[in-house]
Amino acid sequence: MKTRLIKLAAAVALATSALTGSVYADIKIGVLVPDSGPSGLFGPSTRNSATLAAKEINAAGGINGEQIELVFADVGVPPAEATQAALRLWKGQGVKAFIGMHDSAVRQALLGLFKGQVPYVYTPVYEGNACGKGLYVTGETPSQQLAPVIPYLMAEKDAKKWYLIGHDYNWPRDTNKLAKQYIADAGGEVVGEEYLPFSVSEFDSSLQKIKASGAEGVLITLVGGGSVGFNVAFAGFGLDKQAIRLGTLIEENTLAGIGAANANGLYSSSGYFAAIDSPVAKSFSSSYASEFGTDAPVLNTLGQSAYDGLKLLAAIAAKANGLAVSAMDMVAEGTTFESPRGKGVLKDGHVAQNIYLADGTGGMFKVVYSFANVPTSEGCAN
Amino acid sequence: MSSVLILNILWQISILAMVTIGLGIVFGQLKIMNMAHGELVMIGAYAPVITASLGLPAVLQVPVCIITVGIVALILERTIIRHLYGRPFDSLLATWGVSILLREIVELLFGRGYQSVSSPLPGTMSVLGTDYPAYRIVVIIGVFAFFAILIAWYRRSAIGTEIKAMVENCELAHACGINTSRLSSLCFVFGALTAGIAGMVLAPTIRIEPMMGLDYLIRSFFSLVVGGLGSVEGLMLGVGIIGGLQSALGAAFDQTYGYLGILLLSIFFLWLRPNGIYSSR
Amino acid sequence: MAFIVLVNAALLAVLLAIPFLFDSYIVYQIGLYLIYGIAAQGIGYLWGRIGILPLGQAMFFGLSAYATARILLHFDSLSLQLILLAGVMLVAGLTAFLFASVVFKGRSDSGPFFSLITLALVIISEQVAGTATAITGGFNGLSGYNTLAGIDQFGGLYLMIVGAVIFSTVVLMSFDRVPFGLVGRAMADNEQRLQLLGFPTHIIKGAAFAVSAVFAALAGILFANHQGIVTPTSTGFLLSANLVIWTAVGGRYHVLGPLLGAVLIGYLSSELRDSFQYWEVLLAILFIVVVLKAPGGLGELVDKSVSRLLVTKKATAKRVFHDAPPGRIGNWQSAVQFNDVHVKIGPVKILNGVQFTTFPKGILCIIGPNGAGKTSLFNAITGGLRVSRGEINVDGKSISNRSPHQALRSGIGRKLQVPSVFHSLRVWENLCLSMLAGRGRIPDYFKPSSFHWQSRALQQFLSVPHIPLADRSDELVSSLAQGHRQFLEFAMTIAAEPRILLLDEPCAGLSTDETQLMTRVIKQYQTANDGLIVLIEHDMSIVKSIADQVLVLHQGKVLANGTYDEIKSNDSVRDVYAGGTK
């Protein structure tokens with residue numbers, strides 16, 4: 001008797017959940033953002049961009065006719081806790097796909113967690129070569145940011161001697177490996193290469209080495225506060241008269257921290273700037289402003305990337321008729337989507353995209369050149 | 001030894017001295033292991049930001065800094081610090097909690113982003129045959145002048161003697177009519193104010209965000225460990241060794257070795273000479 | 001014993017109930033904080049019992065996690081993995097032991113300097129982990145390994161964690177019930193007294209630090225399995241600070257306190273951080289309040305409310321004693337020889353060429369005006385004061401400039417000028433420690449039976465009528481009168497039956513009756529022991545009644561040496577005492 005009652009109750013519960021599942025619940029998409037930790041300042045712009053994307057996707061009918069609902073979690077924490085957060089969303093709240101805007105350590109941890117069972121779009125600029133089942137990357141890679149830009153800048157600014165300086169971890173090292181190639185190919189010379197620990201906050205000895213080397217261009221792969229401190233000190237020593245600077249992760253917040261007086265000759269190569277002059281980008285900025293107010297967190301490549309991630313996810317899901325990884329992986333290659341950055345095409349698990357070169361002189365970015373449809377050489381060609 | 005290296009070392013020593021003197025007073029004289037010291041520097045660095053957001057002219061940065069840091073220090077002393085005199089472990093832990101608190105409050109008020117403060121004296125000037133930022137030269141001279149005056153004053157002033165008496169034997173000093181509780185308050189607030197002013201002076205040359213204080217805390221502590229507590233001479237010596245060593249190693253090898261070098265040196269001193277080189281005991 | 005079983009059975013029940021009450025991912029998260037809790041328990045032991053605050057435990061935690069990841073990556077055989085992982089814990093313990101023993105050698109405090117050293121070390125550890133990419137995978141960390149025995153991270157691993165928690169709790173609770181735990185608490189109370197009882201305190205601290213390191217390593221091993229990835233933050237300062245915060249809030253004086261702190265605070269943090277903007281502020285304020293007002297944390301609050309609910313009758317059990325094993329301390333029969341001994345502190349000459357030899361047995365009294373150097377003489381003998389020139393010899397062997405704990409090993413016992421006993425312990429615990437002094441071998445420290453030792457000398461002492469200790473054995477020493485503490489310290493000093501007994505003003509603060517009692521037991525001890533007693537005294541009537549010989553010390557030099565009557569009629573001695581020429 002007892003067993004029969006239990007079976008009956010279970011059946012009722014199952015039926016109810018199935019009913020409610022198909023009629024009332026939206027598709028939950030998990031958006032993993034850094035609310036705390038070193039990248040914490042990008043949390044708000046990421047959330048906002050994702051929210052805007054979800055709004056647009058839902059207005060256009062959602063994913064395969066179903067509305068989507070975003071569920072956010074803070075992954076600015078150590079990878080251990082980041083996996084907890086993702087797990088909470090995945091198993092606890094029934095999230096069906098993930099958009100990740102966070103660092104590589106967390107990405108590695110999440111790849112180990114998901115094991116290809118759930119679609120996962122990784123959106124920020126990073127070092128390249130991340131591959132796996134169900135993993136799609138919209139973020140810019142060093143080859144995209146530098147292959148066209150370095151020869152252009154070297155010719156435009158007559159900068160032949162380059163000094164490479166970055167923090168000591170894999171993104172700067174991988175970037176510089178490629179950079180050295182591009183500089184050599186364009187007839188230039190690398191006069192110095194230096195890696196700093198995260199804990200250092202003063203850069204005098206590095207600046208002296210740059211001065212002594214006679215560098216005409218400095219490639220900066222410092223991140224966060226170190227990038228700000230370095231650039232402030234660089235200009236303080238008057239080195240901006242000696243060399244131009246090119247950074248691959250200098251976005252609007254960092255530029256604000258550096259300050260107008262210290263940004264002379266500071267270039268940034270990125271897939272997105274708030275100052276991009278295209279109609280799509282401008283309409284995006286105005287939607288953003290009207291949705292979140294003019295005081296909203298400044299748009300930047302990291303925050304905005306979540307928008308691109310959701311757009312790509314929606315596009316692939318439309319082609320695959322659902323969010324099952326096996327179906328998505330089969331049709332993903334070649335998917336295109338529209339974004340304020342321009343048109344993006346998924347190739348080798350990564351997005352071939354427009355790359356913009358902006359000049360930060362005067363404290364606000366001005367796009368001085370755009371390179372269309374740059375593919376990456378660090379994709380998943382298999 | 002190039003003149004730029006000399007100037008860099010002088011600059012490092014100057015800012016480290018500025019930042020450390022506050023901790024030297026609080027740790028050396030009051031025996032409070034103030035883990036929130038870096039946050040006091042941070043709040044001082046935010047003073048120009050506060051001034052700008054209040055719409056006040058830039059000249060008022062100094063009074064704004066003094067008032068803000070002073071109020072914070074006073075509140076801390078009255079509510080928390082005064083229960084911690086003579087309790088080194090507890091002061092370490094409680095002030096660590098305070099540092100978290102201060103960081104969170106600043107983050108809630110100003111957000112996590114970087115603030116920028118323009119230099120009051122931009123441009124370089126020619127010193128010792130090389131171009132060096134003018135602002136830094138002025139600060140270096142200012143710091144050395146300040147310390148010269150401080151050493152002279154401490155040796156001769158009445159308050160200096162009272163502080164020494166209080167540190168040696170608090171009860172006896174109190175019995176002699178010295179208002180020890182007011183003196184400790186004054187010491188702590190003064191120490192905090194020097195940290196705040198140091199932050200404000202540093203602001204145009206560094207990044208400004210809530211987490212910036214930790215690095216200064218660590219280097220100040222280890223400068224005091226090496227140089228010895230309880231005397232300004234010891235402080236200068238410790239700051240000279242730590243600041244100089246980091247710059248020299250950073251210039252000779254790279255920054256990683258610079259930082260590791262000062263950590264290893266500090267461990268060495270903590271182990272074998274925990275009273276530092278120039279201890280007054 | 002029954003108490004340990006009861007508590008752990010309850011703990012086991014609670015922990016095993018969790019998978020039935022919650023979903024697998026909540027269980028997974030609780031498992032993570034239980035892992036942190038094991039590391040925190042190690043901190044609680046080291047800090048709450050021993051009095052050393054480690055600010056860098058993440059170093060042992062994280063490096064063990066890295067080692068585990070490497071072992072699981074490169075070795076496939078289960079038995080080999082288990083052996084290597086046991087090796088990881090062993091290495092952690094040994095390294096910690098060697099490090100702490102060396103750092104603490106030659107000092108008698110556990111002050112903040114050690115905490116700062118561990119802080120610097122963990123910062124170095126995080127730096128190295130971040131840059132040694134070949135070994136540690138650098139910033140991205142080490143991943144891609146299978147768990148131990150292929151155990152399911154969301155399933156069976158929880159049981160492994162529960163097993164580890166029970167293990168650590170049982171071990172730590174057992175420490176409290178064997179002499180090893182008592183020694184630790186004594187050291188936190190009065191390190192100098194423990195050294196004079198012959199305990200090498202730097203070794204004890206090393207052992208305690210090793211215990212905490214092993215727990216951190218165990219937690220690190222489980223962590224690597226739990227997470228599937230190890231990154232530099234697991235060996236960083238922030239994790240170390242969090243572990244200390246959880247220990248403090250949970251309660252460092254209770255074995256389960258840190259577990260409570262880690263699971264409650266740590267787990268709540270990860271849940272509430274997203275939804276509640278002011279969570280971190282609240283946590284910081286809570287931590288500050290705990291440090292200032294409730295140093296025992298939640299554990300103490302729970303304890304207080306529980307003890308208010310259950311009024312337990314403290315049964316004063318009749319203590320059963322059995323004979324202690326023989327002492328293993330030196331057994332000299334010869335005199336103490338001072339050979340031109342000089343002691344200087346800075347420019348001040350404390351001992352200025354002391355030259356004399358005692359007789360091999362009997363009672364020698366040292367007298368002299370204040371500042372003559374009497375206590376310093378004792379300090380020079382037991383090693384607390386450095387002899388700059390000359391030698392102190394016993395039986396032809398030099399005993400100057402050694403560590404204080406070596407004094408008792410050579411058969412020298414000492415009572416200090418201000419009675420130095422363990423104030424936070426009970427009388428019987430003080431006596432028990434003195435029984436272990438110079439007698440116990442390492443296994444004895446882990447057997448509860450060692451609590452019941454009693455030596456002949458102590459028996460004799462306690463059976464003297466009117467000795468005020470016999471019926472006070474359960475009292476806390478802090479509630480004893482000063483005079484009683486003198487007797488206690490005397491009892492502790494003779495318990496090990498030292499051949500050479502140094503007594504520094506044993507009758508200070510005693511009433512007339514008590515003074516008579518004390519002189520009686522001193523003479524009794526000398527008769528039974530047939531050794532040498534050196535006594536510092538100011539009261540001439542005591543000197544007259546007890547001394548076989550009298551030594552007068554003045555300005556760091558021997559002024560006169562002879563029987564009481566000879567000294568009394570000595571002119572230069574009279575001058576010194578009457579304020580004559582210096």
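Residues numbered from 1 in each chain as written. Chains lettered and ligands numbered in written order. Predicted model: local features only at pLDDT ≥ 70, side-chain atom pairs only at ≥ 80, totals over all residues.

### Brief notes about the confidence of the model for chain C
All names here are of chain C. The line we're drawing: Values of pLDDT, the confidence the predictor places in each residue, fall between 0 and 100. Secondary structure follows DSSP: runs of H or I at least 4 residues long count as helices, runs of E at least 2 residues long count as strands, and numbering of each begins at the N terminus.
With 97% of its residues at a pLDDT of at least 70, chain C reaches an overall mean of 86. In the model of chain C, strand β3 (residues 322-323) stands out as the element of lowest mean pLDDT, 76, in contrast to helix α3 (residues 58-74), which has the highest, 95. Across the interfaces of the predicted complex, the ipTM metric reaches 0.86, alongside a pTM of 0.86.

### Regarding the interface of chain C and chain B
By a widely used convention, the size of an interface equals the accessible area lost when the partners come together. Worth spelling out the cut-off: By the convention adopted here, residues are in contact when the distance between their C-beta atoms, placed from the backbone, does not exceed 7 Å. When residues are grouped by polarity, Ala, Val, Leu, Ile, Met, Phe, Trp, Tyr, Cys and Pro land in nonpolar, Asp, Glu, Lys and Arg in charged, and all others, Gly among them, in polar.
Tallying the contact residues gives 23 residues for chain C and 27 residues for chain B. When contributions to the side of chain C that touches chain B are tallied by element, the ones reaching two or more residues are α5 (112-131), α11 (237-250) and α13 (279-293) of chain C. With 10 residues, α5(C) is the single largest residue contributor to the side of chain C that touches chain B. Looking at side-chain class alone, the side of chain C that touches chain B contains 19 nonpolar, 3 polar and 1 charged residues.

### A few points about the environment of C:Leu292
Along the chain, C:Leu292 turns up in helix α13. Separated by 228 residues in sequence, C:Leu292 and C:Arg520 have C-alpha atoms that sit 48 Å apart. Contacts of C:Leu292, omitting those with residues within four sequence positions, involve B:Ile80, B:His83 and B:Ala94.

### A look at the sheet that holds strand β4 (residues 336-345) of chain C
All names here are of chain C. Our working rule: Should DSSP find at least two bridges between two strands, the strands are regarded as paired. Only the contacting stretch of a helix is used when fitting its axis, a line to C-alpha atoms as for every element, and angles between N-to-C directions run 0 to 180 degrees.
Taken in spatial order, the 4 strands of this open sheet run β5-β4-β7-β8, and their pairing is antiparallel. This sheet does not close on itself; its edge strands, each paired only once, are β5 (348-357) and β8 (397-398). Both strand β7 (residues 389-394) and β8 contribute to a ladder of 2 bridges, which runs antiparallel. Note on β8: the bridge partner recorded for Val 394 is Lys 397. Across the sheet, helix α15 (residues 374-382) touches β4, β5 and β7, and the angle it forms with β5 is around 75°.

### Overview of the pairing of β4(C)
Remember that side chains alternate between the two faces of the sheet whenever the strand is regular. All names here are of chain C. As judged from the 5 bridges shared by β4 and β7, these two strands associate in the antiparallel manner. When the bridges of β7 are listed, His 342 appears paired with Arg 389. Counting the residues between successive antiparallel strands, the hairpin from β4 to β5 contains 2 residues, one of them, Gly 346, with a positive phi of roughly 65°.

### Regarding the nonpolar core
Quick reminder of the rule: Put simply, a nonpolar core is a cluster of buried Ala, Val, Leu, Ile, Met, Phe, Trp, Tyr and Cys residues tied together by C-beta atoms within 7 Å. Here a residue counts as buried when 20 or more other C-beta atoms sit within 10 Å of its C-beta, as exposed when there are 12 or fewer, and as partly exposed otherwise, the C-beta atoms being derived from the backbone.
If you look at the biggest cluster of nonpolar residues, it comprises 393 residues, and the most contacted ones within it are A:Ala86, A:Ile99, C:Ala219 and C:Ala491. Considering every element that reaches this core, the biggest residue donor is helix α10 (residues 201-227) of chain C, with 17 residues. Residues in contact with A:Ala86, not counting those within four places in the same chain, are A:Gly30, A:Leu32, A:Ala73, A:Phe98, A:Leu110 and A:Leu113.

### Quick notes on the interface of chain B and chain A
Contact with chain B, which involves 29 residues of that partner, is made by 29 residues of chain A. The set of elements that each furnish at least two residues to the side of chain B that touches chain A consists of α1 (3-29), β2 (130-133), α10 (232-252) and α11 (255-272) of chain B. Among the elements that take part in the side of chain B that touches chain A, α1(B) stands out by supplying 5 residues, more than any other. Residues that form the side of chain B that touches chain A fall into these classes: 10 nonpolar, 13 polar and 6 charged.

### Thoughts on the packing of helix α1 (residues 2-21) of chain C against helix α7 (residues 156-177) of chain C
Residue and element names in this part refer to chain C. The cut-off we apply is this: Any angle from 65 to 115 degrees is called roughly perpendicular, while one under 35 is roughly parallel, one over 145 is roughly antiparallel, and all others are oblique. For any pair of crossing helices, the crossing counts as left-handed if the nearer helix is rotated counterclockwise from the farther one by less than a right angle, and right-handed if it is rotated clockwise.
Remark: α1 packs on α7, axes separated minimally by 10 Å, with the N-to-C direction vectors making an angle of 160°. In terms of orientation, α1 and α7 fall into the roughly antiparallel class. Of the two possible hands of crossing, α1 and α7 adopt the one that is right-handed. When α1 is examined against α7, the residues Ile 4, Val 7, Asn 8, Leu 11, Leu 12, Leu 15, Leu 16 and Pro 19 are found in contact with a partner set consisting of Tyr 158, Val 162, Val 165, Ile 166, Thr 169, Val 170, Met 173 and Ser 174. For the contact of α1 with α7, the residue count by class is 13 nonpolar, 3 polar and no charged.

### Looking at the domain arrangement of chain C
Residue and element names in this part refer to chain C. For the record, the criterion: Each domain's extent was defined by an automatic or database domain assignment.
Here chain C is partitioned into domain 1 (35-267) and domain 2 (360-371 + 411-577). If you average the C-alpha positions of domain 1 and of domain 2, the two centres end up 42 Å apart. Taken together, the 15 residues of domain 1 in the interface contact 21 residues of domain 2. Of all elements in the fold, only α8 (179-189) and α9 (191-196) reach the threshold of two or more residues within the side of domain 1 that touches domain 2. In terms of residues, the side of domain 1 that touches domain 2 owes the most to one element, α8, which gives 7 residues.

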